[in-house]
Amino acid sequence: MFMSPEKISSMLEMEIEDYMEEIKEHFEPNNPIHANTLQDAVTLVRRGAISQYSFDELSFKLTATVTDTEEHFVRFLINLDESSCTCFDTGWCAHKVAVMFDLYLQFYSLTEWMNLWRRKATSQMQLKIAKRTPEEWHATLQSLLQPIQEMDLGENPSIFIHKFSIINQKAAPLYPFEWEWRPLFDLFYRLNALKIAWPYVSYYLDNDARSFSYGKWYVRNWLTEQLNHIEDSLHTLSTKRRLFETDPFYDYLQHAVRSFMVDSDALFKERFRIYRQFWQFLFTDKLTREKECEALERIDHGPVKQMLAYFGILNGDYSRIQALDDAISMEQLADWLPLADVAEDENAEEALAMLMNALIPHIGEYFNSFVQPSDRPQFVRHIDGLLESAQLSEEVRESMFFHYGKAGAEAYADFLVERERFTEWAALMQRYNISYETAEANGLKIALRDDPVAVLPLLHVYTLKFIEERNRQSYRRAVRVLKKMKTSAKKSGKVEFWNDYVEQLRSKYRRLRALMEEIEKGNLSL
């Protein structure tokens with residue numbers, strides 16, 4: 001006979017609780033299929049999709065109709081502990097679970113039950129983490145990070161960030177209580193997260209590097225955050241005494257970071273940064289480095305040459321760098337530049353000179369083909385700084401500026417100012433139409449002090465530009481430039497030239513009343 005769900009729930013309270021306990025034991029929160037089934041059941045309940053309850057008190061047969069994409073009929077033979085559904089799923093389908101959820105909801109909180117069920121996964125993970133073995137930690141984190149592993153590459157980055165925020169919340173209770181173990185667990189977590197998320201991260205950050213999108217910005221910020229966490233944990237571990245019990249974990253990390261470096265693709269700079277940090281903070285003894293080199297020698301793929309060259313720089317063995325002239329192509333330049341940074345940081349001048357000599361033939365083409373316009377000024381200064389640290393000749397340094405065009409103008413300006421080549425400096429400012437403000441920040445004051453005559457033509461150009469803007473504010477700026485010219489002319493003894501120049505300006509622009517007023521206020525004549 002038909003009954004209300006409230007009455008059925010009241011009559012079968014204990015049986016419903018038994019069924020709910022069975023559901024709880026059957027479904028694992030870490031299993032995405034199980035989690036989706038329960039979520040579908042909750043959705044059916046919230047939508048009011050369960051109706052037409054009937055219960056036979058003699059046979060203890062409960063039936064209900066569940067309206068999903070189509071109608072399904074669910075039956076429970078409670079005495080026999082049997083159930084069926086017209087969706088033909090012999091186990092716990094979403095429709096059967098929805099019926100039990102709907103009955104349970106009549107007197108209890110389904111939200112609270114779902115929260116307790118989800119905490120079951122955390123409890124299981126905590127038990128595994130407490131075993132303190134690298135294998136258990138790895139298995140637990142793989143399970144925790146499974147939602148990221150199952151993401152499509154085309155998934156919206158906001159979903160990626162949201163999923164990771166949930167994973168971070170779930171990971172927080174897993175951290176060991178002991179302070180000595182927390183940074184070690186953090187390293188495990190971050191390294192596993194990077195390895196699993198790397199296909200997605202590299203898909204967004206490596207493809208079409210010239211474009212910008214907020215999605216790419218989100219992913220870049222996430223990657224930077226992970227790198228910073230790794231660096232902080234490594235630094236913390238490097239300042240503490242290493243426990244004997246942690247040896248297996250360190251062995252695992254050594255293998256894991258090598259695998260991440262060798263087996264992952266794209267974004268070499270970021271991968272190498274992680275690898276370098278591990279060997280800078282965590283694995284510092286000579287014997288461990290020698291064993292790492294032996295392991296790398298047995299690998300026939302990935303950036304093994306760069307990794308071996310890195311250890312060569314650390315150990316003072318530059319034999320692997322000497323043979324690079326023919327081995328480096330233009331496309332590989334970005335994979336070798338981080339090694340030059342290492343050589344500079346380690347004060348390995350000889351190794352740095354070898355690397356830069358091998359890279360120089362490819363820098364110009366790489367600059368024009370791969371470096372984004374917004375990154376070019378920084379790239380120019382980076383390369384010039386490396387060339388200077390390598391103690392290469394000034395002719396070599398200067399020849400590189402001819403590849404950069406306007407993007408290298410500021411760095412080249414500094415180069416010329418340092419050598420007091422102010423005539424060439426002024427010509428550079430004019431050639432690339434550098435603004436007055438930029439010129440003032442890149443050596444104009446020094447040029448006015450040391451060689452005022454050399455910059456008079458440049459100041460004349462700036463004066464005319466300000467006048468052509470045809471507004472009083474620009475006229476005032478023009479007069480300020482003219483005052484600098486006046487000082488330069490006086491300092492260089494060109495009084496007559498200067499007075500003639502001012503008279504010519506007055507004659508040429510006599511119809512510009514506002515300009516004439518500013519010139520009179522400026523008292524420009526000598």
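What counts, and where the lines are drawn
Residues numbered from 1 in each chain as written. Predicted model: local features only at pLDDT ≥ 70, side-chain atom pairs only at ≥ 80, totals over all residues. Heavy atoms only, no water. Helix = DSSP H or I, 4+ residues; strand = E, 2+ residues; numbered from the N terminus. Rg over C-alpha atoms; globule rule 2.2 N^0.38 Å. Buried < 20%, exposed > 50% of the residue type's maximum accessible area, 1.4 Å probe, protein only. Contact = heavy atoms within 4.5 Å. Areas by Shrake-Rupley, 256 points an atom, 1.4 Å probe, with all protein chains shown as cover. Lys, Arg positive; Asp, Glu negative; His and termini not counted. Charge placed at Lys NZ, Arg CZ, Asp CG, Glu CD. Pairing = 2+ DSSP bridges. Salt bridge = Lys/Arg side-chain N within 4 Å of Asp/Glu carboxyl O. Axes fitted to C-alpha atoms, helices over the stretch in contact; angles between N-to-C directions. Parallel < 35°, antiparallel > 145°, perpendicular 65-115°, else oblique. Left-handed = near helix turned anticlockwise from the far one by under 90°. pLDDT = per-residue confidence, 0-100. Expected span 1.5 Å × (residues − 1). Disulfide = S-S within 2.5 Å. Patch = residues over 30% accessible without salt bridge, like charges linked within 9 Å, V, L, I, M, F, W, Y side chains within 5 Å. Arc of directions from axis to C-beta.

A. Spotlight on the overall build of the protein chain. Of regular secondary structure, the protein chain possesses 26 helices and four strands. Here the C-alpha radius of gyration of the protein chain, 36 Å, is well above what a compact globule of 526 residues would show, namely 24 Å. Dimensions of the protein chain, computed from C-alpha atoms along their principal axes, come out at roughly 125 × 70 × 40 Å. Evaluated residue by residue, the protein chain yields a buried proportion of 46% over its 526 residues. A separation of at least 24 residues holds for 65% of the contacts in the protein chain among residues at least 6 apart in sequence. Accessible area for the protein chain stands at about 27100 Å²; split by element, carbon and sulfur atoms hold 49% of it. Looking at the protein chain, you have 62 positive and 80 negative side-chain charges, and the mean spots of the two groups are 11 Å apart.

B. Broad picture of unusual backbone geometry. In the Ramachandran plot, F60 falls in the positive-phi region, its phi being about 55° despite a non-glycine side chain. Taking relative accessible area as the criterion, F60 reaches 23% and is therefore assigned partly exposed. Of note, the phi angle at A266 is positive, near 65°, even though the residue is not glycine. On the secondary structure map, A266 appears in the loop between α11 (247-263) and α12 (268-282). For A266, a relative accessible area of 23% puts it in the partly exposed group.

C. Representation of the pairing of strand β4 (residues 82-85) in the model. Relative to β4, strand β3 (residues 71-77) is paired through four bridges, and the arrangement is antiparallel. Counted as the bridge partner of F76 is S83 from β4. From the end of β3 to the start of β4, which pair antiparallel, there are four residues, and D81 there has a positive phi angle of about 55°.

D. Focus on the pattern of salt bridges. The tally for this structure, following the rule as stated, stands at 23 salt bridges. For R513, the salt bridge identified is with E517, shortest N-O distance 2.9 Å. Placement of the pair is R513 and E517 together in helix α26 (residues 513-522), with a separation of four residues, close to one helical turn. E517 gets classed as partly exposed once you look at its relative accessible area, which sits at 29%. Through salt bridges with shared partners, a single network forms among R472, R476, R513, E517, E518 and K521.

E. Structural view of the packing of helix α19 (residues 394-401) against helix α20 (residues 409-418). Interaxial distance between α19 and α20 falls to 10 Å at its minimum, and their mutual angle equals 150°. When the axis of α19 is compared with that of α20, the two are roughly antiparallel. Here α19 and α20 pass one another in a crossing that is left-handed. In this structure, α19 contributes E394, R397, E398 and F401 to the contact, and α20 contributes A411, Y412, F415 and L416.

F. Structural context of the sheet that holds β4. Taken in spatial order, the four strands line up as β1-β2-β3-β4 in an open sheet, and their pairing is antiparallel. Two strands in the sheet have a free side with no partner beyond their single neighbour: β1 (50-56) and β4. The sheet shows a mean angle of 10° between the axes of neighbouring strands, direction not considered.

G. Structural context of the side chain of T288. Among the secondary structure elements, T288 is positioned in helix α13 (residues 286-297). A relative accessible area of 15% means that T288 is categorised as buried.

H. Representation of the pairing of strand β2 (residues 61-67). As paired elements, β1 and β2 share five bridges and run antiparallel to each other. Its bridge partner lying in β2, F55 is registered against L62. What sits between the antiparallel neighbours β1 and β2 is a turn of four residues, in which F60 has the positive phi angle 55°. As paired strands, β2 and β3 are joined by seven bridges and run antiparallel to one another. Across the sheet, T65 pairs through a bridge with F73, a residue of β3. The turn linking β2 back onto β3 is made up of three residues.

I. Focus on the confidence of the model for the protein chain. Overall, the prediction assigns the protein chain a mean pLDDT of 87, with 96% of residues at 70 or greater. Model confidence for the protein chain, summarised as mean pLDDT per element, is weakest for helix α5 (residues 110-129) at 73 and strongest for helix α18 (residues 376-389) at 93.

J. Seen up close, the environment of L505. On the secondary structure map, L505 appears in helix α25 (residues 495-508). The class of L505 is buried, set by a relative accessible area of 7%. The spatial distance from the C-alpha of L505 to the C-alpha of L464 is 9.7 Å, given a sequence separation of 41 residues. Discounting residues that sit within four places of it in the chain, L505 has contacts with I467, L482 and M516.

K. Region of the structure containing helix α16 (residues 333-345). Look at α16: 19 Å from first C-alpha to last across 13 residues, which is about the 18 Å you get at 1.5 Å a residue. Among all positions in α16, only L333, W336, L337, P338, L339, A340, V342 and A343 are buried. Its buried side turned inward, α16 meets α12, α14 (304-315), α17 (349-370) and α18. Immediately beyond the C-terminal end of α16, within one or two residues, lies N347, with a positive phi of roughly 55°.

L. Main features of the state of the cysteines. Enumeration according to the criterion identifies zero disulfides in this entry. Of all cysteine sulfurs in the structure, the one in C85 sits closest to C87, which takes part in no disulfide; the separation is 3.4 Å.

M. Representation of a negative patch on the surface. Residues E13, E17, D18, E21, E22, E25, D81 and E82 make up a contiguous surface patch of negative charge. Here the negative patch takes six residues from helix α2 (residues 13-26), the largest share from any one element. Tracing the chain through its elements places E25 in helix α2.

N. Inspection of the side chain of S233 at higher detail. Looking at the element boundaries, S233 is found in helix α10 (residues 214-238). When residues no more than four places from it in sequence are discounted, the contact partners of S233 are P183, D186 and L187.

O. Representation of α19 within the structure. Restricting attention to buried positions, one finds in α19 the residues R397, E398, M400 and F401. The arc enclosing the buried residues of α19, seen along the axis, measures out at 155°, which places them on a common side. Its buried side turned inward, α19 meets α17, α18, α20 and α21 (422-431).

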